[in-house]
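Breakdown of the fold
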Amino acid sequence: MAAAGKLVFAVNGERFEIAEVDPSTTLLEFLRTRSRFTGPKLGCGEGGCGACVVFLSKYDPISGQVNGSSVSSCLTLLCSINLCSVTTTEGLGNSKDGFHSIHQRFAGFHASQCGFCTPGMCMSLFSALNNADNTNRPEPPRGFSKIRKYEAEKAISGNLCRCTGFRPIADVCKSFAADVDLEDLGFNIFWEKPEDANVERLPPYNQHKVCTFPEFLKCEINSSMNTLKSSKDNGSLECQWYRPASFEELYELLNSSEFIESHVKMVVGNTMSGVYKEINLYDKYISLTGIPELSIIERNSKGFTLGAAVTISKAIEVLKERDGSTLNSEGELVFGKIAEHMDKVATPFVRNMASLGGNLIMAQRYQFPSDIATILLAAGSTVCLQMPSERLILSLEEFLEGPPYDDRTILISIHIPYWSSASNSSFGTSKYNIIFETYRAAPRPLGNAVSYLNSAFLAHVASDKFSGDIVLLKLHLAFGAYGTEHAIRARKVENFLVGKVLTVTVLIEAIKLLKEIIVPKEGTSHPRYRTSLAVAFLFKFFQPLTKDLAQVEKNNLHIPDVILSSKQVVEFSTENFPVGKPIKKVAAEIQASGEALYVDDIPSSKDCLYGAFIYSTQPFARIKGITFNSTLVSSKIVAYISINDIPEGGKNIGSSFTFDDEPLFADSLTEYSGQCLGIVVAETQRYANMAAKQAIVHYSTEGLEPPILSVEDAVRRSSFFDIPPSLYPAKVGDLARGMDEADHKILSAEVKLESEHYFYMETQTAFAIPDEDDCIVVYSSTQYPEGTQGVIAKCLGIPQHNVRVITRRVGGGFGGKATRSNPIATACALTAFKLRRPIKMYLDRSTDMVMVGGRHPMKVTYSVGFKSNGKITALYLNLLVNAGISEDYSPLIARAIITCLEKYNWGALAFDIKLCKTNLTSKSSMRAPGEVQGSYIAEAIIEHVASFLSLDVDVVRKRNLHTYESLKLFYGSSSGEAPEYTLPAIVDELFTSASYFNRLEMVLHFNSCNKWRKRGISWVPIVYEVEPLPTPGKVSILNDGSIVVEVGGVEIGQGLWTKVKQMAAFGLEQLWDEGRQHLLDRVRIIQADTLSLVQGGFTAGSTKSEASCQAVRLACSILVSRLKPLKQRLEEQMGSISWDTLITQANLQYVNLSASTYWVPQDTSSYLNYGAAISEVEIDVLTGATTILRADLTYDCGQSLSPAVDLGQIEGSFVQGIGFFVCEKLEENSDGLVTSDGTWTYKIPSVDTIPKNFNIRVMNSGHHKDRVLSSKASGEPPLLLAASVHSAIRKAIRSARADFSSTDPNNSSVSSFQFDPPATMTLVKELCGLDTVEKYLEALVPTTHGEV
Ligand SMILES: Cc1cc2nc3c(=O)[nH]c(=O)nc-3n(C[C@H](O)[C@H](O)[C@H](O)COP(=O)(O)OP(=O)(O)OC[C@H]3O[C@@H](n4cnc5c(N)ncnc54)[C@H](O)[C@@H]3O)c2cc1C
Ligand code: FES
Ligand code: FES
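As a starting point, this report considers the structure included with it. Small disclaimer: the values here were computed from a predicted structure and weren't measured.

Moving on to the packing of aromatic side chains. Tallied over the entire structure, the rule returns 46 aromatic pairs. Taken together, a centroid distance of 5.8 Å and an interplanar angle of 75° make the contact between Y904 and W906 edge-to-face. In this pair, the class of Y904 matches that of W906, namely buried. Ring centres of F991 and W1019 lie 5.2 Å apart, and the angle between their planes is 90°; on these two criteria the pair is classed as edge-to-face. Linking F991 in helix α33 (residues 983-993) with W1019 in strand β36 (residues 1013-1026), this pair joins segments that are 28 residues apart in sequence. According to the relative accessible area criterion, W1019 is buried, its value standing at 1%.

Written out as structure tokens, the structure is:
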């Protein structure tokens, strides 16, 4: 029974009854800490990533209907789900009851890598399928859902994945849509050739399979209906959660003495907690959802009235509904456009909870940059407010302009009027039309991105009876989110325009007025960009109405939506079967079903406490003390751990690499913003996180030098780290001679490259459990368990054999969990050691981004000499690499930069590289560390030379590609044999397969016909050197014939376990005739454990998979050598024998069935990887937004060990590269403190940013001597190929600049400009020109015969 004062709900059909709970507990927190379900993950805690998505169903006892939708469980309050049913990914299916077809298709389409995002993806897809299947669309063919492919693709628009590159996930989604051509779906295990594509081969979809609302709960609801009407019996006073059923009850509560003295929060969907982070607890919650007036939906001839608690999703649904009886088509147009715009707000799983009223209150009270306020303002909406003593109806404008309302003012409803055409004779016109448009420019088209500016315009226009000119009769021009207190109407512009015939001159005047109004307030980022957006949108709206302009640009302004398409050509060989077979990733299904365990999924043991870091916000200061205000949350602090808690014999060490150690805690002096000062310990992770944010750190900078925050500062103060001579790259040729040979020189040009954050979906985490006799077990999400073990032992002052570090799998690492995971594991171990209790630490997204560091920023100054034909003869570089506070990996970066830069033949190459020590977080290895910068620097120089010479950049690029001879000169033995240099062939083949030259022509043609959309197409080659490192492997055969394998490498999503498994089966195949496939089924790879397998090393550099495979292959050969003689003996006695018999006999005869090896590669093991990519982009000159229309990649994988895995690495890496080159901008404040510290401010690529047409060829270049079964690396090199996108954007910008240049388009300022990554939309627009519209219009004035 749903007992009064108790919370009753179901999760995956299981009943939960909670008598007492902190009302601020989120559903996610409950699921993860108090249920056995681990599917919902914590990725951001702010509604921005989708890792936590679950399906929430409600039952209406009156209609008997169940309605459900996806929600982000990190924002949903547990108390708000009373009598609801929650379905997590485990509830769809699991390893015991059978997987759901969603899980199976994720596995079969190779759509899960690290798997951390996968459960959330599955639930977003499930919700979209459920929505579609509940429509009254015709029944789909068997095996399909009613979903349409466009909807299917959008199903995951709010979910982030850092590994896969989204394409395979989109294919999974589309595989459920009946209107998809299955042949177009990507590489999968269900069919080998597209011609074989058939729904029968797919795991069958049954829309009725999952029961989302259990019968028992329906019964409980039916029987308790009468007792659930008011706050007193539905809310639980123990819970401090109230749900008044009327305004009387609400005000009664608010006026009660108990409430007046309390810290109360009123909520509907509670999504505001994702926007404005709570750093203290509330002691009482009031849910407004019980007041019926807040949920009304009324539609009549006057318009729509929507209750304030109506969710955005519901509003979209009703606004889209057609009702011919009451509304004419124009009225519907307004509602339809509002709905369309709302579809771009937040994400589906946020919109399903977020209320309209909550949004408007946030806009009114907290100046939130709302879309909804702007569009409703333009639509002339009104709001109805309930005050304690009266009810008010205000226009939305009055509401927004008023002083912030207190929380006793309740927004009841919003009325959106119905706009219709009518006769009007005052202007000599007969009838007017209504035009309504809305606009937004945001870092992502869909998927959680608040806009830089949004606007909505409503106009009544009529055509003059006599002249036919268009006259503006009425106008609402609303603008918001541009750094204003609230959305506004541009009244001056409206007044100026009304009654006028719209001509170019009138438009110019209107723009001038608008620019005086749209002025972002002080401190807003990109103020001029935002103003220019206002102009752009106004122009876009009025252009078709403006005399002499309407015909000029026709459809030119609209960028069409394109459905994703792709093609994969995967060349593989099964010569070494099962190595080389494109099998699905090990554990892919359990990753999808949420059963795969990550560190934070390990059930907390008895007495577990949780830790959170207090970090410095000053870069260089003395710490005078740390205090805490007395707040609800600070009363939850159980312990505080600091440098003073390091045991005797231990050391203040948090990380260590070959070159130096890094302290765990700042001592008396903090040396960078983000440095650990102490650890707050509490009973839950949330309390610990909140309490840590409450810490007040007292600093003093008296007598201290200013911090060093840039490479320029470092040079001034000679603050450098040494690069050991053995790691300093070698120069090539004679620079002076090369410069002498040059016909031209560019001297001292600059390229600047910024940092990038790892943004793994699983933030840094560890779980430490004290063991007997001064031992400790630490579960760490690390790429370097051996290093972690060493650091912990040093910090605690105990031998390494006392420290067991275990890593099962890592939810994305990208280098960020090589050394940067050590401080977390060490802090956790120290705290556990000190308190003698288990401790977990799971960094919140913001702390992770602030403390962990990232890619190395650098400044490059180069001088280059070249011939008139573009052949470069000499290059000199001055490189200032910002290493941050400690050496970490940095001394290795110099070589990495240079090896990838050497992809071109520079003639002579010399450089001066300095590693700058600065007061910033330590920069560390991030996927392709140094290599991506080196490769890009090379491209920037090539571009510069080409534009200097006014030559086609393709000519210069090709002219400087290596011959095999020059390759050898630059790379020595790594270059291998001549036939292994496949790059020239790759490039030629790619030009043909991607129709490069044809498309070049088409792009030129497109650009000549379009002013506001420009395209660019470009290609880049890559050469990437890798070096496998020594790695151990151990293969053991158990009594029953099953095989267990341990390797030095860690599974971080890169498919290492899959390759190793294939190799183990291959390695043992001589022992089981015809049994390779069966052997594959018998192999299990187990977690890394530093006391079981030593010398594991670190998993980085793209080669750990092949090194682990090679170690396993050697271990297998030891077993083969032990078992083969026995097998032969037995066969002589018994004839052919089975595997099981062989192993049983081996056991009986005491054969050692476990073999360990330590593979040490030869000195000559480094080798080169090659690939090339062509990318085509379209930029919107008005907003700076880039759409990647197409990308074609060819990558030489040698003979792939596991082609589906390598394909995933290539695609995922490329998309991560798009992040670096296009959208990820890591910002810091003037103290070097990272400010882009979450999903709101840091934008990794999402499904709507990947290439619309994405084609990959995984090339098999056959046999390679000295490689592991002829394979090559795939994890990092393809990231560099994304430079092609940047290069294509550069071309598109160039075309725009040529169009809008007031000087000669061939002027060098048009073609040559500083364009450093990332090519964010603000930068693209700036380079195209912030005043293109004005320039364009002004240029038209003299040509319009005085009529303007
Ligand atoms: C990840 C994410 C992305 C987003 N992106 C966008 C975007 O692109 N564009 C955009 O416009 N918005 C965006 N939003 C904002 C979102 O629309 C709001 O968070 C949401 O609408 C708030 O509704 P809620 O029901 O969750 O409010 P709650 O969080 O429950 O409440 C918000 C505030 O309003 C008060 N309140 C709520 N209802 C009432 C009422 N009826 N009367 C008086 N006070 C009330 C509450 O007390 C609280 O102070 C985004 C939000 C998130 C989390
Ligand atoms: S964890 Fe909830 S959306 Fe990211
Ligand atoms: S598989 Fe999506 S985040 Fe790793």
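Glancing now at a negative patch on the surface. Together, D181, E183, D184 and E195 make up a region of like negative charge exposed at the surface. Within the secondary structure, E195 sits in the loop between α6 (167-174) and α7 (215-224). The class for E195 is exposed, based on a relative accessible area of 56%.

With that out of the way, let us pick up the sheet that holds strand β27 (residues 720-721). Read from one edge to the other, the open sheet built from 5 strands follows the order β27-β35-β34-β33-β28, with strand pairing classed as mixed. Single-partner strands in this sheet number two, and they are β27 and β28 (744-753). The pairing of β27 with strand β35 (residues 908-917) spans 2 bridges and is classified as antiparallel. Within β35, the residue paired with F721 across the bridge is L915. Contacting β28, β33 (858-866) and β34 (872-884), helix α30 (residues 931-949) crosses the sheet at an angle of about 140° to β28.

In this section: the sheet that holds strand β38 (residues 1043-1047). Taking strand neighbours across the sheet as the criterion, the 4 strands line up as β39-β38-β37-β41 in an open arrangement whose pairing is mixed. A single partner strand is all that each edge strand has here, and the edge strands are β39 (1083-1085) and β41 (1154-1159). The sheet shows a mean angle of 20° between the axes of neighbouring strands, direction not considered. As judged from the 6 bridges shared by strand β37 (residues 1031-1037) and β41, these two strands associate in the antiparallel manner. Looking across to β41, one finds that P1032 is bridged to Y1158. Helix α35 (residues 1056-1067) contacts β38 and β39 of the sheet and is inclined by roughly 145° relative to β39.

Secondary-structure assignment places N454 in strand β15 (residues 453-463). The class of N454 is buried, set by a relative accessible area of 0%. Among the polar contacts listed, one links the side chain of N454 to the side chain of T374, at a separation of 2.7 Å. If we skip the residues at most four places from it in the chain, N454 touches P369, S370, D371, T374, Y439, R440, A478, F479, G480 and A481.

For the bond running from F577 to P578, omega is 0°, close enough to zero to count as cis. The topology assignment puts P578 in the loop between β18 (565-570) and α22 (588-592). Backbone torsion omega between P1317 and P1318 reads 0°, so that peptide bond is classified as cis. Along the chain, P1318 falls in the loop between α41 (1308-1311) and α42 (1321-1328). Phi at H110 takes a positive value of approximately 55°, unusual for a residue other than glycine. Tracing the backbone shows H110 in the loop between α3 (101-108) and α4 (118-133). We classify H110 as buried; its relative accessible area is 13%. Of note, the phi angle at F166 is positive, near 70°, even though the residue is not glycine.

Further remarks concern the packing of α3 against α4. When two helices pack together, their arrangement is given by the angle between their axes and by how far apart the axes lie. Look at α3 against α4: their axes get within 10 Å of each other, and the N-to-C directions meet at 125°. For the element pair α3 / α4, the angle class is oblique. Crossing geometry of α3 relative to α4 is assigned as right-handed. Between α3 and α4, the contacting residues are I102, H103 and F106 on the first element and T118, M121, C122, L125, F126 and L129 on the second. Looking at side-chain class alone, the contact of α3 with α4 contains 7 nonpolar, 2 polar and no charged residues.

The next thing to look at is the nonpolar core. One broad trend across soluble globular proteins is that nonpolar side chains are buried collectively. The biggest cluster of nonpolar side chains holds 333 residues, and the ones touching the most others in it are F479, F542, I776, L877, W906 and L1337. For F542, the contacting residues outside a window of four places in its chain are L472, L475, L477, L497, L502 and L507. The next biggest cluster of nonpolar side chains, apart from the first, holds 46 residues, and it includes V579, A1111, L1123 and L1130.

Cut-offs applied
- Residue indices begin from 1 for each chain and proceed along its sequence in written order.
- Numbering of ligands from 1 and lettering of chains from A proceed in the order in which they are written.
- Reporting in this predicted model follows two pLDDT cut-offs: at least 70 for local features of residues, and 80 or more for side-chain atom pairs to be given and counted; totals over whole chains, interfaces and linings ignore these cut-offs and use all residues.
- Where side-chain values are given, they derive from all heavy atoms of the structure, hydrogens and water being excluded.
- Pairing of aromatic rings covers Phe, Tyr and Trp, the last counted by its six-membered ring, and requires centre-to-centre distances within 6.5 Å; plane angles under 30 degrees mean stacked, over 60 mean edge-to-face, and any other angle means tilted.
- Burial classification: accessible surface area is computed with a 1.4 Å probe over protein chains only, and a residue below 20% of its type maximum counts as buried, one above 50% as exposed, and the rest as partly exposed.
- For helices the rule is a DSSP run of H or I covering at least 4 residues; for strands it is a run of E covering at least 2, with both sets numbered from the N terminus onward.
- Patch membership requires more than 30% relative accessible area and the absence of a salt bridge. Residues of like charge join within 9 Å; the nonpolar side chains Val, Leu, Ile, Met, Phe, Trp and Tyr join within 5 Å.
- Where accessible areas are quoted, they stem from the Shrake-Rupley method and a 1.4 Å probe; at the residue level, only the protein chains shown are allowed to cover.
- Here, a salt bridge means any side-chain nitrogen of Lys or Arg that lies within 4 Å of a carboxyl oxygen of Asp or Glu.
- By the counting rule applied here, Lys and Arg register as positive and Asp and Glu as negative, while His and the ends of each chain are not counted.
- Every charge is mapped to an atom, namely NZ of Lys, CZ of Arg, CG of Asp or CD of Glu.
- Strands were regarded as paired on the criterion that DSSP finds at least two bridges between them.
- Contact between two residues is taken to exist if any of their heavy atoms lie within 4.5 Å; hydrogens are not considered.
- Fitted lines through C-alpha atoms give the axes, limited to the stretch in contact for helices. The angle between two N-to-C directions lies from 0 to 180 degrees.
- Polar contact is defined as a pair of N or O atoms within 3.5 Å, subject to the rule that within protein one atom must be able to donate a hydrogen and the other to accept it, and that residues adjacent in sequence are counted only when both atoms are side-chain atoms.
- Angle categories: roughly parallel below 35 degrees, roughly antiparallel above 145, roughly perpendicular from 65 to 115, and oblique for all the rest.
- By convention, the crossing between two helices is left-handed when the near helix turns anticlockwise from the far helix through less than a right angle, and right-handed when the turn is clockwise.
- Any residue outside Ala, Val, Leu, Ile, Met, Phe, Trp, Tyr, Cys, Pro, Asp, Glu, Lys and Arg is labelled polar, Gly included; the first ten of those are nonpolar and the last four are charged.
- We call a set of buried residues a nonpolar core when its members are Ala, Val, Leu, Ile, Met, Phe, Trp, Tyr or Cys and they connect through side-chain atoms within 4.5 Å of each other.

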